[in-house]
Amino acid sequence: MQAQQTGCFSALSQVEAYICAGQKHSETLDIFERIRKQRGPLGQHSKESHGYFTFPKLEGELGPHMTFRGKPVLVWSLNNYLGLANHPDIRKVDAEAAAQWGMAYPMGARMMSGQTKYHEQLEQELAAFMDKEDAFLLNYGYQGCMSAIEALVGRHDVIVYDSECHACMVDGVRLHNGKRFVFQHNDMESFEKMLRHAKRVTDETGGGILVLTEGVFGMAGDQGKLKEIVSYKKEFGFRLFVDDAHGFGSIGKNGRGAAEYQGVQDGVDVYFGTFAKAMATVGAFVASEAHVIEYLRYNMRSQTFAKALPMPIVIGALKRLDMIRTQPELQDRLWEVARALQGGLVDAGFDIGRTNSVVTPVFLKGSLGEATNVTLELREKFGIFCSIVVYPVVPKDVIMLRLIPTVVHSMEDVRYTIDAFKQVRERLEAGDYKADRIADWASSKASAASE
Ligand SMILES: Cc1ncc(COP(=O)(O)O)c(C=O)c1O
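Residues numbered from 1 in each chain as written. Predicted model: local features only at pLDDT ≥ 70, side-chain atom pairs only at ≥ 80, totals over all residues.

S.K.: Before we move on, can you summarise the sheet that holds strand β14 (residues 398-403) with the specific residues and values?
M.R.: Read across the open sheet, the 3 strands follow the order β11-β14-β13; overall the sheet is antiparallel. The open sheet has two edge strands, β11 (360-365) and β13 (387-389), and neither has a second partner. Strand-to-strand twist across the sheet, computed as the mean angle between neighbouring axes with direction ignored, equals 30°. Summarising the sheet, β11 and β14 pair through 6 bridges and their orientation is antiparallel. Paired with Lys365 across the two strands is Val398, which belongs to β14. (Pairing = 2+ DSSP bridges. Helix = DSSP H or I, 4+ residues; strand = E, 2+ residues; numbered from the N terminus. Axes fitted to C-alpha atoms, helices over the stretch in contact; angles between N-to-C directions.)

Now the structure itself:
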């Protein structure tokens, strides 16, 4: 089956859809008028949710105990896996680098005037850490990942990708001029079927196949089936690109991510990692064979035509990488907290799905209204701040609460949270949170508390 996005109407704006249908309109539609009415899948709720469920302001020092709307909260929403966000040694290095270099240096894109020996050093260290021949730094993971995918494929090539790939990969697929096929999430039967479709196309075009998946899927915490996927390489001759944003630093014997954990590091042809999670900064990288990185260095539009990462980010990333490399106890502690959290939730009868990483989803049954009431109660009564995920990411009657354990959470935090979740589940099952609309936090005590 072809991906949804390739249909004429599905991913196009209404204006383009009119053109597709060959309809004529005497007046040009005013784009601003259209977006006043069509506010997008998340934007449609912005008036009720802004400032509380969306765009909340977490204040205070980054960590498990912060302040939300003037009240202390126990935070489970930050991908600060290794606790580096607020580590004193890291903050010292960041501050010294900022004082020495400022935020501007180097000016310009790497190719023109933004190259430094520190950028090169970081690339060499990342490549060595990942056991790849070379690496290329990316300024921001999202556009870097998207742009790397776009650069790797030509119009005769075919992309085969997992249906739950992160938006940055999906956007990379959208930039691709050739065919693409989507397989059902982690379903190897569906994967093989799509590979066969892809092969039929490349037999005609003479192109190649690029497979995209994630190392650790950041929403539900299940790992991509890298080992199984790699086993199809021999028959289909594809190249494998893995976005391991959540796996880098948090999983694998040496923190090298999901492929290391599954023992198939060599089977990953292009490895993508971001600095925005375990490294707790900004930026990202791709690692691969030397000639592939050389090609990407000269062909990734997002890097060729954009400013290089500022020096404090690069110096700070070198320090973070050094800590991941030399302090394996950080990962041990992360898993200690994660196991306590996941084990405790399972013992208490919670459904945590198929996670096999530290990302911890909790699945409950309920409507959007109930999901927001559950969140309100967790934040206001128990002072627990976690993310809610609702339809269309999960089915309509499912509430997913996502907990991200970190090195800096305590066992007491874990116990307190499981106990609060038990109390909230009891009330949810008793129907106490029933509502047909988003919780009115503005006129609840949530609002009063911050005044
Ligand atoms: C799986 C995945 N890939 C890529 C990204 C984008 O990374 P960055 O925040 O560095 O732009 C994210 C961040 O949310 C992610 O979760």
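S.K.: I'd love a proper account of the site of the ligand, names of residues and values included.
M.R.: Not every one of the 13 residues close to the ligand is listed here, only the nearest: Gly141, Tyr142, Ala245, Thr274 and Ala276. Tallying contributions element by element places helix α6 (residues 141-152) first for the shell around the ligand, with 3 residues. Taken together, the residues of the shell around the ligand break down into 7 nonpolar, 4 polar and 2 charged. (Near = placed C-beta within 6 Å. Nonpolar A, V, L, I, M, F, W, Y, C, P; charged D, E, K, R; others polar.)

S.K.: Any details on the pairing of strand β8 (residues 239-243)? Residues and values, ideally.
M.R.: Most of β8 is tucked away, with 4 of its 5 residues classed as buried. As judged from the 5 bridges shared by strand β7 (residues 209-214) and β8, these two strands associate in the parallel manner. Within β8, the residue paired with Glu214 across the bridge is Asp243. In this sheet, strand β9 (residues 270-274) lies alongside β8 in parallel orientation, the contact comprising 3 bridges. Directly across from Asp243, in β9, lies its bridge partner Phe272. (Buried ≥ 20, exposed ≤ 12 C-beta atoms within 10 Å, placed from the backbone.)

S.K.: Residue-level account of the sheet that holds β7, with values.
M.R.: Backbone-to-backbone hydrogen bonds pair the strands of a sheet. The strands run either parallel or antiparallel. The strand order β4-β10-β9-β8-β7-β5-β6 describes an open sheet built from 7 strands, whose pairing is mixed. Lying at the two open borders of the sheet, with one neighbouring strand each, are β4 (134-138) and β6 (180-183). Strand after strand, the sheet turns through a mean of 20° between neighbouring axes, direction not considered. Each of β5 (158-162), β6, β7 and β8 is contacted by helix α7 (residues 167-174), which is oriented at about 160° to β5, the strand it contacts most. (Contact = placed C-beta atoms within 7 Å.)

S.K.: If you had to explain the nonpolar core to someone new, which residues and values would you point to?
M.R.: Residues Ala148, Ile149, Val160 and Val286 are the most contacted members of the largest nonpolar core, which totals 118 residues. Among the elements that make up this core, the one with the highest residue count is helix α14 (residues 311-326) (7 residues). Residue contributions to this core reach at least three from each of two domains, namely domain 1 (44-81 + 329-450) and domain 2 (86-326). (Core = buried A, V, L, I, M, F, W, Y, C linked by C-beta atoms within 7 Å. Domains from an automatic or database assignment.)

S.K.: Would you mind going over the domain arrangement of the protein chain in detail, with residue names and values included?
M.R.: How big an interface is tends to be expressed through the accessible area that disappears when the partners come together. What the domain assignment reports for the protein chain is domain 1 (44-81 + 329-450) and domain 2 (86-326). Of the residues lining the interface, 21 residues belong to domain 1; the matching set on domain 2 comes to 18 residues. Elements represented by at least two residues in the side of domain 1 that touches domain 2 include exactly α15 (328-347) and β11. By residue number, the principal contributor to the side of domain 1 that touches domain 2 is α15, which donates 3 residues. Partitioning the side of domain 1 that touches domain 2 into residue classes produces 9 nonpolar, 9 polar and 3 charged.

S.K.: I'd like a description of helix α8 (residues 188-205), backed by residues and values.
M.R.: Here α8 contains 18 residues, and its C-alpha end-to-end distance of 25 Å stays within 8% of the 26 Å for a straight helix at 1.5 Å per residue. Of all the positions in α8, only Phe191, Met194, Leu195, Ala198 and Thr202 are classed as buried. Seen along its axis, α8 keeps its buried residues to an arc of 110°; they face one direction. Away from its buried face by more than 90 degrees, α8 exposes Glu189, Arg196, Arg200, Asp203 and Glu204. Against β5, β6, β7, α9 (226-231) and α10 (233-236) lie the buried residues of α8. (Expected span 1.5 Å × (residues − 1). Arc of directions from axis to C-beta.)

S.K.: Describe the packing of α15 against helix α17 (residues 411-429), with residues and values.
M.R.: The interhelical angle for the contact between α15 and α17, taken along N-to-C directions, is 20°, at an axis separation of 10 Å. On the basis of their axis angle, the class for α15 and α17 is roughly parallel. Note that α15 runs across α17; the crossing there is right-handed. Contact with α15, carried on its side by Val337, Ala340, Leu341, Gly344 and Leu345, involves Met411, Val414 and Ile418 of α17 and no other residues of that element. Grouping the constituent residues of the contact of α15 with α17 by class yields 7 nonpolar, 1 polar and no charged. (Parallel < 35°, antiparallel > 145°, perpendicular 65-115°, else oblique. Left-handed = near helix turned anticlockwise from the far one by under 90°.)

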